[in-house]
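# Examination of the molecular architecture
Read off the chains here:
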Amino acid sequence: MNIDKMLREARAEEGDRIEVASKFGNVKGVLMPKTASTSDDVITLKLDNGYNVGIAVKEDTEVRLIEKKHTSSKPAHAKTEASGKPIVAILGTGGTIASFVDYRSGAVHPAVSPEDLAASVPQISELCNIRTKMLFSMLSEDMQPEHWRKIAHEAANELNSGARAVIIPHGTDTLGFTAAALSFMLKNLTGPVILVGAQRSSDRPSSDAEMNLLSAVKVAIESDIGEVVAVMHDSTSDDRCAIHRGCKVRKMHTSRRDAFQTINGEPIGYVETGKISMAGQYRKKADSGQVEVDDKMDDENISMILSYPGLGAEHIKDVVIDGTVLVGTGLGHVSNRILPAIKQVIARGAFVVMASQCVNGRVNMNVYSTGRDLLDLGVVSAQDMTPEAAYVKLMWVLGHTKDRKEVKRLMATNLVGELTE
Ligand code: GLU
């Protein structure tokens, strides 16, 4: 069944309101554009309730035009390469924000190209010239340090070749890790590097994808930020996005649209009904020079261990190689039972950093005897860093030096805004 021919004969085009009739019934809605990931035999309609539905076309399917689209609306794929507009690079990596719904299984896949993503929000091409590149199409739980490196180099290349800013659509699950890694790797930023995600895919009426992306574009073209940031919904309404520092941001809810928070601090700014307001201190973009990438990381031998009542000493001895972030309880504690194992791994040269599973608040190992014993063993406090920032920082620091004193000094020093000393 040739869908293009069927639509042509019905004089139906993208954006028109149509009715698709088959033996399963009649469905009315707005004809959605075909994307790189739409199957050849599926027509996608946006229903009146805001949901998208895919209809597999069979021999008996008929299409009827109900109403032509309003002519003022721009074609979805219109490209404006007008001069004078800033260039913004969009580097696709995957996740819900860049996903499509498989209308056969209902599953959400990370596959929409950055072009499709930009075209899905037509205002974007009115504001800037977009340069897109698909780096990966993956769920962020599969991201590895090698992916962070690739993103860092590509972002630097874009900024060094004329882009005003770089936007990185990313899965939300590990967005905080990537944001922290880029914060340590990218130096002398001449524009903002903005991670953006979505908790709900764009076929859903409650999707946050469009607003988050548009807010990221606002930050890209209007702000003077020279940091890695994450721009995400800040309330349950569609009115405000927060601009979070990349090395302080964390996903704090599985499904809410305002899941992202700046931990132990405030967002550096907001995008409210399309307007940017800066709220905190931030590094301004460099006026000159090239963006540099320092991607040296010890990315194979660093672990992260959650402390829990049954955590055994053997686990510590097996898992800890060059270093670990213990995500301890409360102010930064682990059971006394595993202190000898910690002593042993430190004696063989490993670095042990203590973060807290409370996430909010500062590690303080001076209060209780367990904490003081850990300090005596040489455990280093993550202070008010998120566990993920502490983990990524330990990788980065150990990629640069293994000198005990220097590692301790760097872990206790604020390098890119990750901790308040
Ligand atoms: N788990 C996936 C990821 O982090 C999808 C979730 C999302 O993008 O929000 O990539």
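Being a predicted model, the structure only gives us computed values, none of them experimental. (Residues numbered from 1 in each chain as written. Predicted model: local features only at pLDDT ≥ 70, side-chain atom pairs only at ≥ 80, totals over all residues. Heavy atoms only, no water.)

### Quick notes on the sheet that holds strand 4 (residues 52–56)
The pairing of strands in a sheet comes from backbone hydrogen bonds and takes either a parallel or an antiparallel form. One open sheet accounts for 5 strands, arranged 4-3-2-1-5; its pairing is antiparallel. The sheet terminates laterally at strand 4 and strand 5 (62–67), the two strands that pair on one side only. The sheet shows a mean angle of 35° between the axes of neighbouring strands, taken without regard to direction. When strand 2 (residues 25–31) meets strand 3 (residues 42–46), the two strands line up antiparallel, connected through 2 bridges. Considered in strand 3, the bridge of Val 30 is made with Lys 46. (Pairing = 2+ DSSP bridges. Helix = DSSP H or I, 4+ residues; strand = E, 2+ residues; numbered from the N terminus. Axes fitted to C-alpha atoms, helices over the stretch in contact; angles between N-to-C directions.)

### Details of the pattern of salt bridges
Per the stated rule, a full pass over the model turns up 24 salt bridges. One salt bridge connects Asp 384 with Arg 362, and the closest N-O pair in it is separated by 3.9 Å. With Asp 384 in the loop between strand 23 (380–381) and helix 10 (387–400) and Arg 362 in the loop between strand 22 (351–356) and helix 9 (369–377), the pair connects residues that are 22 residues apart, well separated along the chain. Across the pair Glu 406 and Arg 409 runs a salt bridge whose closest N-O atoms are separated by 2.9 Å. Here Arg 409 and Glu 406 lie together in helix 11 (residues 404–412), a separation of 3 residues that amounts to about one turn. One connected set of salt bridges, linked through shared partners, spans Glu 13, Asp 16 and Lys 68. (Salt bridge = Lys/Arg side-chain N within 4 Å of Asp/Glu carboxyl O.)

### Here's the deal with the nonpolar core
Trp 148, Leu 182, Leu 186, Val 193 and Val 392 are the most contacted members of the largest nonpolar core, which totals 59 residues. It is helix 10 that contributes the most residues to this core, 9 residues altogether. Apart from the residues within four sequence positions on either side, Val 193 is in contact with Leu 159, Val 166, Ile 168, Leu 182, Leu 186, Glu 227, Val 228 and Val 229. Residues Ile 167, Leu 213, Ala 220 and Cys 241 belong to the second largest nonpolar core, which totals 31 residues. (Core = buried A, V, L, I, M, F, W, Y, C linked by side-chain atoms within 4.5 Å. Buried < 20%, exposed > 50% of the residue type's maximum accessible area, 1.4 Å probe, protein only. Contact = heavy atoms within 4.5 Å.)

### Remarks on the site of the ligand
Every residue near the ligand is listed here: Gly 95, Thr 96, Leu 139, Ser 140, Glu 141, Gly 171, Thr 172, Asp 173 and Ala 198. One of the side-chain nitrogen or oxygen atoms of Thr 172 is found 2.4 Å away from an oxygen atom of the ligand. Ala 198 is positioned with one of its backbone polar atoms (N or O) 3.1 Å from an oxygen atom of the ligand. Calculation on the ligand without its partners gives an accessible area of 290 Å², and the protein chains cover 88% of this total. Split by residue class, the shell around the ligand holds 2 nonpolar, 5 polar and 2 charged. (Near = heavy atom within 4 Å. Polar contact = N/O pair within 3.5 Å; in protein donor to acceptor, adjacent residues only side chain to side chain. Areas by Shrake-Rupley, 256 points an atom, 1.4 Å probe, with all protein chains shown as cover. Nonpolar A, V, L, I, M, F, W, Y, C, P; charged D, E, K, R; others polar.)

### With respect to the side chain of Thr 190
Following the sequence through the fold, Thr 190 ends up in the loop between strand 11 (186–187) and strand 12 (193–196). Thr 190 gets classed as buried once you look at its relative accessible area, which sits at 18%. Residues in contact with Thr 190, not counting those within four places in the same chain, are Leu 159, Arg 164, Lys 285, Ala 286, Ser 288, Gly 289 and Val 291.

### Some points on empty space enclosed by the protein
Scanning all chains against the criterion turns up 3 cavities of 30 Å³ or more. Size it by volume and the second largest cavity reaches roughly 60 Å³. What lines the second largest cavity is Ser 183, Leu 186, Leu 189, Gly 226, Glu 227, Val 228, Arg 245, Cys 247, Arg 283 and Val 416. When the residues that make up the lining of the second largest cavity are grouped by side-chain class, the tally is 5 nonpolar, 2 polar and 3 charged. (1 Å grid on protein atoms, 1.4 Å probe; cavity = no way out; pocket = protein on both sides within 12 Å on 5 of 7 lines; lining within 4 Å. Points joined across faces, edges and corners; volume = space filled by probe spheres on them.)

### So, the packing of aromatic side chains
The full count for this structure, using the stated rule, is 2 aromatic pairs. Pairing Phe 177 with Tyr 391 gives two aromatic rings, centres 6.0 Å apart and planes at 80°, and the pair type is edge-to-face. Note that Phe 177 is positioned in helix 5 (residues 175–185) and Tyr 391 in helix 10, a separation of 214 residues in sequence. A cation over a ring is seen here: Arg 240 above Tyr 270, with NZ or CZ 4.1 Å from the ring centre. Over the face of the ring belonging to Phe 351 we find Arg 404, whose NZ or CZ atom lies 4.4 Å from the ring centre. (Phe/Tyr/Trp six-rings, centres within 6.5 Å; stacked < 30°, edge-to-face > 60°. Lys NZ or Arg CZ within 6 Å of the ring centre and 35° of its normal.)

### Notes on the sheet that holds strand 14 (residues 240–245)
If you walk across this open sheet you meet the 8 strands as 9-6-10-12-13-14-17-18, and the pairing is mixed. Two strands lie at the open edges of the sheet, namely strand 9 (129–134) and strand 18 (275–278), each paired on one side alone. Shown here is a sheet whose adjacent strand axes are inclined to one another by a mean of 25°, direction ignored.

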